[in-house]
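Working through the structure, step by step
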Amino acid sequence: MTTVDLPLLVLGNGEDPRSERGVRCPGDLPPASDPDLVERARAAKASLGTKVFVLGHHYQRDEVIEFADVTGDSFKLAREAAARPEAPYIVFCGVHFMAESADILTADHQQVVLPDLAAGCSMADMARLHQVEDAWEVLEDAGVADVTVPITYMNSSADIKAFCGRNGGAVCTSSNAKTALEWAFERGEKVLFFPDQHLGRNTAVLQMGFDLDDCVVYDPRLPGGGLTTEQLSAARMILWRGHCSVHGRFTAECVDEVRERVPGVNVLVHPECTYDVVTKADLVGSTEFIIKTLDAAPAGSAWAIGTELNLVQRLAAQHPDKQVTFLDKTVCYCSTMNRIDLPHFVWAMENLVEGQIVNPITVDADTTHWAKVALDRMLALPG
Ligand code: SF4
């Protein structure tokens, strides 16, 4: 078994091709102070016309969302890109694993561009292929791999999705995690779920009736994942020790505090939050669920939202008749999503106008094939 410790990289400095982030931007970016950036972005987009399709994830900055042809969560955006075969360029304002998913689902003649290669995802980085392969060996040694189905959250690198495809598993999103787990338990006795332990635990325990004791946490930094053969044999959910650095910041105390501060508040959180937070909240759901819930909420209602701050700020602006507040008192942006700013966007778009593709995201054919197998299994799920 091999364990590779990765050096910590300051974002944008140095290179680590195995990482979702830590890659130097190769271009000469326009200065952020350039007063013409908005005009330059508009001009580049107008010049490219239907040749470019710009995707904007919900957690992106407003300055970039302004130029998105469509906004959504990672899976919706990848499907939107696949539904636009007439656009040879897909500019993905999101993070690296999302651009990979778009490349997997789009046609060969379409090129996905990520305006800043340092826009990775700390959660996706918490499960590397060599670690997952080591974990599978541990399960084989414990005699449980044959009855275990691997399920990976969408927020994972393409090679992890491919691992699931090769080993009888599937991908899930925060919207369909329960259905994906039901599918998996029809095929095996256990699930190896990565990279987000919280989504796995919250879904299994709060939606499917498992006990907390049915879940164990596999720590890839420890020999054997830190688990005994007996623990692996007894477990139903083997949760990878990974989490979202944004949603993991919310605490049960945040919920108590906002309930004191805002009488009658409804607490609405994302399932990447911890079990303690989710069990204290009033409603739990994906980004799309959060948006729909706010849309349907009556005027005058009060909401504390536990998800990324760019989205919460936009929701507050879109619902002036409702009281929308951020669940945490401190600022909580996704720092890697925020790497895609106007200078990077302008740089990528102006290069496309010149016929130069910068920061292309291309997944190799074998990985694409197996990742698509895992994605197709998800797409075939009921509902
Ligand atoms: S919000 Fe969390 S899961 Fe989403 S991209 Fe940022 S770190 Fe990754």
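Residues numbered from 1 in each chain as written. Predicted model: local features only at pLDDT ≥ 70, side-chain atom pairs only at ≥ 80, totals over all residues. Heavy atoms only, no water.

Regarding the site of the ligand
If you check the shell around the ligand, you find Tyr59, Val95, Cys121, Ser122, Met123, Asn155, Cys244, Ser245, Val246, Glu272, Cys334 and Met337 and nothing else. Taken together, the residues that form the shell around the ligand break down as eight nonpolar, three polar and one charged. (Near = heavy atom within 4 Å. Nonpolar A, V, L, I, M, F, W, Y, C, P; charged D, E, K, R; others polar.)

Thoughts on the pairing of strand 12 (residues 302-306)
Counting buried positions along strand 12 yields five of five residues, so the element is predominantly enclosed. Residues Ala302, Ala304 and Gly306 line one face of strand 12 and the alternating positions Trp303 and Ile305 line the opposite face, and both faces are buried. Two strands pair when backbone bridges link them, and strand 10 (residues 266-269) and strand 12 are joined in this way by four bridges, in the parallel orientation. Of the residues in strand 12, the one forming a bridge with valine 267 is alanine 304. Both strand 12 and strand 13 (residues 323-326) contribute to a ladder of four bridges, which runs parallel. The partner of isoleucine 305 across the bridge, within strand 13, is phenylalanine 326. (Buried < 20%, exposed > 50% of the residue type's maximum accessible area, 1.4 Å probe, protein only. Helix = DSSP H or I, 4+ residues; strand = E, 2+ residues; numbered from the N terminus. Pairing = 2+ DSSP bridges.)

Overview of the packing of aromatic side chains
Summed over the entire model, instances satisfying the criterion amount to seven aromatic pairs. Aromatic pair tryptophan 136 and phenylalanine 163: ring centres 5.6 Å apart, planes at 85°, arrangement edge-to-face. Remark: phenylalanine 163 occurs in helix 7 (residues 158-166) and tryptophan 136 occurs in helix 6 (residues 129-141); sequence separation between them is 27 residues. For the pair tryptophan 136 and phenylalanine 163, a shared accessibility class is recorded, and that class is buried. Between phenylalanine 185 and phenylalanine 210, the aromatic rings sit 5.1 Å apart at their centres with planes inclined by 35°, giving tilted as the arrangement. Of the two residues, phenylalanine 185 sits in helix 8 (residues 177-187) while phenylalanine 210 sits in the loop between helix 9 (197-207) and strand 8 (215-218), which places them 25 residues apart along the sequence. For the pair formed by phenylalanine 185 and phenylalanine 210, the shared burial category is buried. Put simply, the rings of Trp136, Phe163, Phe194, Tyr218 and Trp240 touch in pairs and so form one group of aromatic residues. (Phe/Tyr/Trp six-rings, centres within 6.5 Å; stacked < 30°, edge-to-face > 60°.)

Comments concerning the environment of alanine 87
The topology assignment puts alanine 87 in the loop between helix 3 (74-82) and strand 3 (89-93). With relative accessibility at 2%, the residue alanine 87 sits in the buried group. Taking the C-alpha atoms as reference points, alanine 87 and glutamine 110, 23 residues apart in sequence, are found 6.8 Å from one another. Those residues within four positions of alanine 87 in sequence are excluded, and the remaining contacts are Thr50, Lys51, Val52, Phe53 and Gln110. (Contact = heavy atoms within 4.5 Å.)

Focus: the confidence of the model for the chain
Looking at the chain, pLDDT values average 92 and 93% of them are 70 or higher. When the criterion is pLDDT under 50, residues 1-14 qualifies, and its contacts beyond four places in sequence or with other chains add up to 27 contacts. (pLDDT = per-residue confidence, 0-100.)

A closer look at the environment of arginine 241
You can see arginine 241 is positioned in the loop between strand 9 (237-240) and helix 11 (252-261). On the accessibility criterion, arginine 241 (41% relative accessible area) is partly exposed. Sequence separation of arginine 241 and glutamate 253 is twelve residues, and the distance between their C-alpha atoms is 23 Å. With sequence-adjacent residues up to four places away left out, arginine 241 is seen in contact with Pro195, Gln197, Val217, Tyr218, Asp219, Pro220 and Arg221. A distance of 3.1 Å separates a polar atom in the side chain of arginine 241 from a polar atom in the side chain of aspartate 219. (Polar contact = N/O pair within 3.5 Å; in protein donor to acceptor, adjacent residues only side chain to side chain.)

Details of the pairing of strand 10
Direction of pairing for strand 10 relative to strand 11 (residues 283-284): parallel, over a ladder of two bridges. Bridging across to strand 11, leucine 268 finds its partner in leucine 283. A crossover links strand 10 with its parallel partner strand 11, the connecting element being helix 12 (residues 275-280), and its sense is right-handed. (Right-handed = clockwise from strand over helix to strand, strands pointing away.)

Things to note about the sheet that holds strand 13
Strand pairs in the sheet, formed through backbone hydrogen bonds, run parallel or antiparallel to each other. One open sheet accounts for four strands, arranged 11-10-12-13; its pairing is parallel. Unpaired on one side and paired on the other, strand 11 and strand 13 mark the two borders of the sheet. The strands touched by helix 13 (residues 287-296) within the sheet are strand 10, strand 11, strand 12 and strand 13, with strand 10 carrying the most contacts at an inclination of about 155°. Each of strand 12 and strand 13 is contacted by helix 14 (residues 309-318), which is oriented at about 165° to strand 13, the strand it contacts most. (Axes fitted to C-alpha atoms, helices over the stretch in contact; angles between N-to-C directions.)

Some remarks on the nonpolar core
Of all hydrophobic cores here, the largest spans 131 residues; its most connected members are Val91, Ile151, Phe193, Met237, Val267, Leu327 and Phe345. No other element matches helix 15 (residues 342-353), which puts seven residues into this core. Sequence-distant contacts of phenylalanine 193, that is, excluding residues within four places in its chain, are made with Ile151, Cys172, Leu181, Leu199, Gly200, Met237, Ile238, Leu239 and Trp240. (Core = buried A, V, L, I, M, F, W, Y, C linked by side-chain atoms within 4.5 Å.)

Remarks on the packing of helix 3 against helix 4 (residues 96-105)
Interaxial distance between helix 3 and helix 4 falls to 8 Å at its minimum, and their mutual angle equals 35°. As for the relative orientation of helix 3 and helix 4, their crossing is right-handed in sense. Across the interface between the two elements, Ser74, Phe75, Ala78 and Ala82 of helix 3 pack against Phe97, Met98, Ser101, Ala102 and Leu105 of helix 4. When grouped by side-chain class, the residues that make up the contact of helix 3 with helix 4 number seven nonpolar, two polar and no charged. (Left-handed = near helix turned anticlockwise from the far one by under 90°.)

What to know about the packing of helix 1 (residues 37-48) against helix 15
Interhelical geometry of helix 1 versus helix 15 gives an angle of 35° and a closest axis separation of 9 Å. For the crossing formed where helix 1 meets helix 15, the hand is left-handed. Where helix 1 abuts helix 15, its residues Leu37, Val38, Arg40, Ala41, Ala44, Lys45, Ser47 and Leu48 lie against Leu342, Pro343, Phe345, Val346, Met349, Glu350, Leu352 and Val353. Grouping the amino acids of the contact of helix 1 with helix 15 by side-chain chemistry returns twelve nonpolar, one polar and three charged.

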